[in-house]
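Observations on the three-dimensional arrangement
Spelled out from the first residue to the last, the chains are:
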Amino acid sequence: MDDQSGPVPRFEVLGPLRAWRGENPVDLGPLQQRVVLVVLLLQACRPIAREQVISAVWGTDPPARAVNLVQRHVSGLRRALGPCGPGAEWPIRLIWTDAGYQLTLPGGALDLGVFESELSRSRAARDAGDLRGAAEALHAALALWRGPFCHGLSSPLLDAQRDRLAESYISVIEERVGLDLALGRHGDVVAELRGLVAEHPLRERLHGLLMLALYRAGRQADALATFRDARRLLQEELGVEPAAPLQRLHQQILSADPELGQIPAEITIGGSAERAYHRPVPAQLPHSIPDFSGREAELSVLNALLPDEQGAAAGPVVIAAITGMAGVGKSALAVHWSHQIRGQFPDGQLYVNMRGFGPAGSVMKPGDAIRGFLDAFEVPPDRIPFDLEAQGALCRSLLASLRVLIVLDNARDGAHVRPLLPGSPGCLVVVTSRNQLIDLAAADGAHSVCLDVLSPHEARQLLARRLGLGRVTAEPGAVGEIIDVCAGLPLALSVVAARAAASPRLLLAGVAEELYESRGGLDALNGGESQTNVRAVFSWSYNALSPAAARFFRLLSLHAGPDIGVSAAASLAAEGLSGARGLLAELARAHLLTEVGHGRFAFHDLLRAYARELADAHDPAVDKRAAMRRMLDHYLHTAYRGDELLRPGREDTIALAPATPGAALQRLADHRKALGWFDTEYQNLLIALRQAAAQGFDVHTWQLAWTLASYFDRRWHWHDAVTYLRLALAAAERIDDLRGQAVSHSCLAYACISLKRHDEAQSHLAQALQLYEELGDKTGQAETHRRLARAFDKRDYALALEHAERSLALFRAAGQRTGEGRALNAVGWFHVKLGDPEEGLAHLQRALVLQRQNDDTFNQADTLDSIGAAYLLLGRHEEAAAHYRQALELYREFGDRYAETDTLACLGDTYLAAGDAESAGAAWRNALAVLDDLGHPDAEGVRTKLAKLVERGRPS
């Protein structure tokens, strides 16, 4: 509400929760009611569904009366916060809408919102070169903090927010101190930094800031002593050396580098201000192995490969190739060593599991890996070429001036990873493979480190770490027998150790005896690894499983993705979620499965192969196919629900058959949850789609690709869209499904338009149109014409308008009101682009009325943006700006960051046309901050606009 006469409301969450009516505190009631209030405050001015409130307050195990409790707490809050409503002096509304509860606050009423606004103000000032203004904004932001977020309250949502905001708080302090140093306030911050270093001793940036502050205060000896203290602490606590930026700063202080008197404080975080604030620094290494042991000789060889600073700048790319049999610990060594040396690569660490020896259809393609790297550096997809060689060249160009550690795990051979190799010095590449990689050594100069099984001494070390030194030394003979049966293979030893650790009273002699008994009739694994009897070790643990867990273990092998969630696993075995969690936990305790994240589990390749052998031997083909169908139904139906949330009112609708009984469907409450689910499951979805295509599940193939189309677009995965929608099209053609073919052609065209492959897009749309005509589907025809209009946007506005008008007529004929609203927007937009804003505005206003009648919030943003363009062309600047601001709010609500920047840029144009250069500069700076964060090429155009403001002597 805009009427803020009377007492001003304030809510404070940056510390203990407090509320104020003017100068008077408000009694907010009992603890749980306060938690509900915080949940509503975090969603202020936006509706939140009752189910989301329940999840935020109680998590996955709410009480039986959760709905009643929420209703009671909301009623209590209405009494505490009242009076409310039109004309009330207390400008707050807590109401129920069709979408859920909505707490409406005036601007500036919540301290967290003010904090975030001050951070935005600081970023804008910094981008404009106003360091003093940036520092003042951060000082104002930090002054709002009174303690931990909502101190004394607890819930799943609040606890997660508390952790996030605690990290944000210390990061803002570091940034503010850096700005103070850049402004010459070194004397003011030394005491503060000493306290911060004592409170956060492992944050290297704080040590660097203290060193720089002391040096600029003329205390060189104290600055050097600070480095020594930091180095000793890092060695004692983490076993690592300080990162490269801190070491470089140390060298500069030693040599009294004159640049230290002028350089900004970003020197302590690894590079220039541009890199620190605009280029992402990926950190993709998996977690390190906590009980890693042995391999001292191999680590010495690997450390000898590290180039010094001079060699890194001038020598060839260093490639370390770690090879050896399956289960010998190649990945563990690569990850362990990478964590030890990551500090020497300040521009980031890239990691990809190439899945070179995984199940059929799951091998990572080099192009997919390259695009993952480009995504990590946030390269816009429309800048990524379609050709693999060109993609590799772009990746090499990006890495040319950087120092990045690249881990290519589980490669099939040299050809598998060669397209991913950087072409200039500075980067280090670590490759692991069962293949000897002779071709990589010969052609690319890779240094081979071949792993053998563990020596008896190293094997005893591993067992001692897992079982305890006392238990191992008490039975040396039994330990020797265990090592002999396991043939020194780390994976086998880990499985045995897990079983023995689960029975701490069992003598190791008994463990050895059981192992010998189980190995009798079992073969060694195939593939030239006859010196191991790892199958015997696996069978020993497998035979100890409960029957349900044993079946679960076998069926999990049908899933070819890199990891699996609880719902997908439950679907495979037709188990309930609680039962599946228990069985997964049983497998993880036996080390037959690894928990790689909360609720996420993964197989080692050998264990997957062993489980698949068992499945083929014990589970009938009809049972395995039924399990596969349940898993595909899980992914398909959950993705369908996710697509509904990402793109409400989608015109090219499809109908799914009911899910197979036993398939667990995941609940996705809103578009943010949907986006998070797609992010987590993306690789699994692609592999499931390939499995479906390979195993004859053709309906699942094309429908699953359809459900991914909105996500492909939201995350700019247009290259993947082309690849997988082609699979979909082929599947629909195999079963002569005309609707599947039509929607696949249409979705393929959309991806091609985004990649600027217009001829291919027009070809697919022509075929889609013909198919929809055969089907008599006016809605499909209408959507195809609307996409044809988009294909001609910026190329032929007259032809685009023609298709938009045909789309409108067809949507009306089909009675499709959501589509009619979008088509009206398209017609209006192209009238505007053809220089007829009055006609365009008439269509656009009808579109907006229709969308509001349909409660079509998702598409209103585009229409509001188009109306802003029409008013701008008409010179009605105030109305243009108002509509752009409304569009901006909706784009932000739906998380469409690129559309947000486009509207911000247009808003800046509007302000400038109205003579308000200061507001124009602010809008453009906000747009530039997001575009730089996205790494989008449109940033240069906005940067040029800002530069012209400076040239004209206007505020920037």
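Refer to the preceding data block for the structure.
Reference entry: report on the structure contained in this document. What you are looking at is a predicted structure, and each value in this text was computed from that prediction instead of being measured. (Residues numbered from 1 in each chain as written. Predicted model: local features only at pLDDT ≥ 70, side-chain atom pairs only at ≥ 80, totals over all residues. Heavy atoms only, no water.)

Re the overall build of the protein
- Of regular secondary structure, the protein possesses 43 helices and 13 strands.
- Counting over 956 residues, the protein shows a buried share of 54%.
- Taking the intrachain contacts of the protein between residues at least 6 apart in sequence as the baseline, contacts between residues at least 24 apart amount to 67%.
- Total accessible area on the protein stands at roughly 39500 Å², and carbon and sulfur atoms take up 51% of it. (Helix = DSSP H or I, 4+ residues; strand = E, 2+ residues; numbered from the N terminus. Buried < 20%, exposed > 50% of the residue type's maximum accessible area, 1.4 Å probe, protein only. Contact = heavy atoms within 4.5 Å. Areas by Shrake-Rupley, 256 points an atom, 1.4 Å probe, with all protein chains shown as cover.)

Observations regarding the pairing of strand β4 (residues 93–97)
- Of the pairings in the sheet, the one linking β4 to strand β5 (residues 100–104) comprises 5 bridges and is antiparallel in character. Its bridge partner lying in β5, L94 is registered against L103.
- Here β4 folds back onto β5 in antiparallel fashion, the turn holding 2 residues. (Pairing = 2+ DSSP bridges.)

Topic: the pattern of salt bridges
- Tallying each qualifying case throughout the model produces 34 salt bridges.
- As a salt-bridge pair, R734 and D698 come within 2.6 Å of each other at their nearest N and O atoms. With R734 in helix α32 (residues 718–734) and D698 in helix α31 (residues 698–714), the pair connects residues that are 36 residues apart, well separated along the chain.
- With a relative accessible area of 49%, R734 lands in the partly exposed category.
- You can call D698 buried: its relative accessible area is 11%.
- Taken together, the shared-partner salt bridges in this structure form one network comprising R10, E12, R18 and R146. (Salt bridge = Lys/Arg side-chain N within 4 Å of Asp/Glu carboxyl O.)

Here's the deal with the packing of aromatic side chains
- The tally for this structure, following the rule as stated, stands at 13 aromatic pairs.
- Between W677 and F678, the aromatic rings sit 5.2 Å apart at their centres with planes inclined by 70 degrees, giving edge-to-face as the arrangement.
- Under the relative-accessibility criterion, W677 is labelled buried at 5%.
- When the ring of Y682 is compared with that of F712, the centres are 6.3 Å apart and the planes differ by 80 degrees; the resulting orientation is edge-to-face. Of the two residues, Y682 is situated in helix α30 (residues 671–694) and F712 in helix α31; the sequence distance between them amounts to 30 residues.
- Judged by relative accessible area, Y682 falls into the buried class, the value being 6%. (Phe/Tyr/Trp six-rings, centres within 6.5 Å; stacked < 30°, edge-to-face > 60°.)

Concerning the packing of helix α26 (residues 566–573) against helix α29 (residues 621–646)
- Interhelical geometry of α26 versus α29 gives an angle of 150 degrees and a closest axis separation of 7 Å. On the basis of the axis angle, α26 is roughly antiparallel to α29. In the packing of α26 onto α29, the handedness of the crossing is right-handed. Residue-level inspection shows S567, A568, S571, L572 and A573 of α26 in contact with α29, the latter providing A627, R630, M631, H634 and Y635.
- For the contact of α26 with α29, the residue count by class is 6 nonpolar, 3 polar and 1 charged. (Axes fitted to C-alpha atoms, helices over the stretch in contact; angles between N-to-C directions. Parallel < 35°, antiparallel > 145°, perpendicular 65-115°, else oblique. Left-handed = near helix turned anticlockwise from the far one by under 90°. Nonpolar A, V, L, I, M, F, W, Y, C, P; charged D, E, K, R; others polar.)

Quick notes on helix α5 (residues 131–142)
- Taking 1.5 Å of rise per residue, 12 residues should cover 16 Å, and α5 covers 17 Å from first to last C-alpha, within 8% of that figure.
- Taken together, the buried positions of α5 are G133, A134, A135, A137, L138, A141 and L142. (Expected span 1.5 Å × (residues − 1).)

Description of helix α27 (residues 577–589)
- Counted at 1.5 Å a residue, the expected span for α27 with its 13 residues is 18 Å, and the 18 Å between its end C-alpha atoms agrees.
- The complete set of buried residues in α27 reads A580, L583, L584, E586 and L587. Take α27 and look down its axis: the buried residues cluster within an arc of 155 degrees, on one side only. When the buried face of α27 is taken as reference, the exposed residues oriented beyond 90 degrees from it are S578 and R589.
- On its buried face, α27 is in contact with α25 (547–556), α26 and β13 (600–602).
- H591 sits one or two positions beyond α27 and adopts a positive phi of about 60 degrees. (Arc of directions from axis to C-beta.)

Digging into the sheet that holds strand β11 (residues 564–565)
- Ordered by their spatial adjacency, 3 strands build an open sheet running β11-β13-β12, and the pairing between neighbours is antiparallel. The open sheet has two edge strands, β11 and β12 (594–597), and neither has a second partner.
- With 2 bridges connecting them, β11 and β13 associate as antiparallel partners. Bridging across to β13, G565 finds its partner in R600.

Re a negative patch on the surface
- Together, E802, E805, D836, E838 and E839 make up a negatively charged patch on the protein surface.
- Elements with a minimum of two residues in the negative patch: α36 (797–814) and α38 (837–853).
- Here E838 shows up in helix α38. (Patch = residues over 30% accessible without salt bridge, like charges linked within 9 Å, V, L, I, M, F, W, Y side chains within 5 Å. Lys, Arg positive; Asp, Glu negative; His and termini not counted. Charge placed at Lys NZ, Arg CZ, Asp CG, Glu CD.)

Thoughts on the sheet that holds strand β3 (residues 24–25)
- Here we have 3 strands laid out as an open sheet, ordered β1-β2-β3, and antiparallel in their pairing. At either margin of the open sheet sits one strand with a lone partner, and together these are β1 (9–12) and β3.
- Two elements, strand β2 (residues 18–21) and β3, share 2 bridges in a ladder whose sense is antiparallel. Bridge pairing in β3 links R21 to N24.

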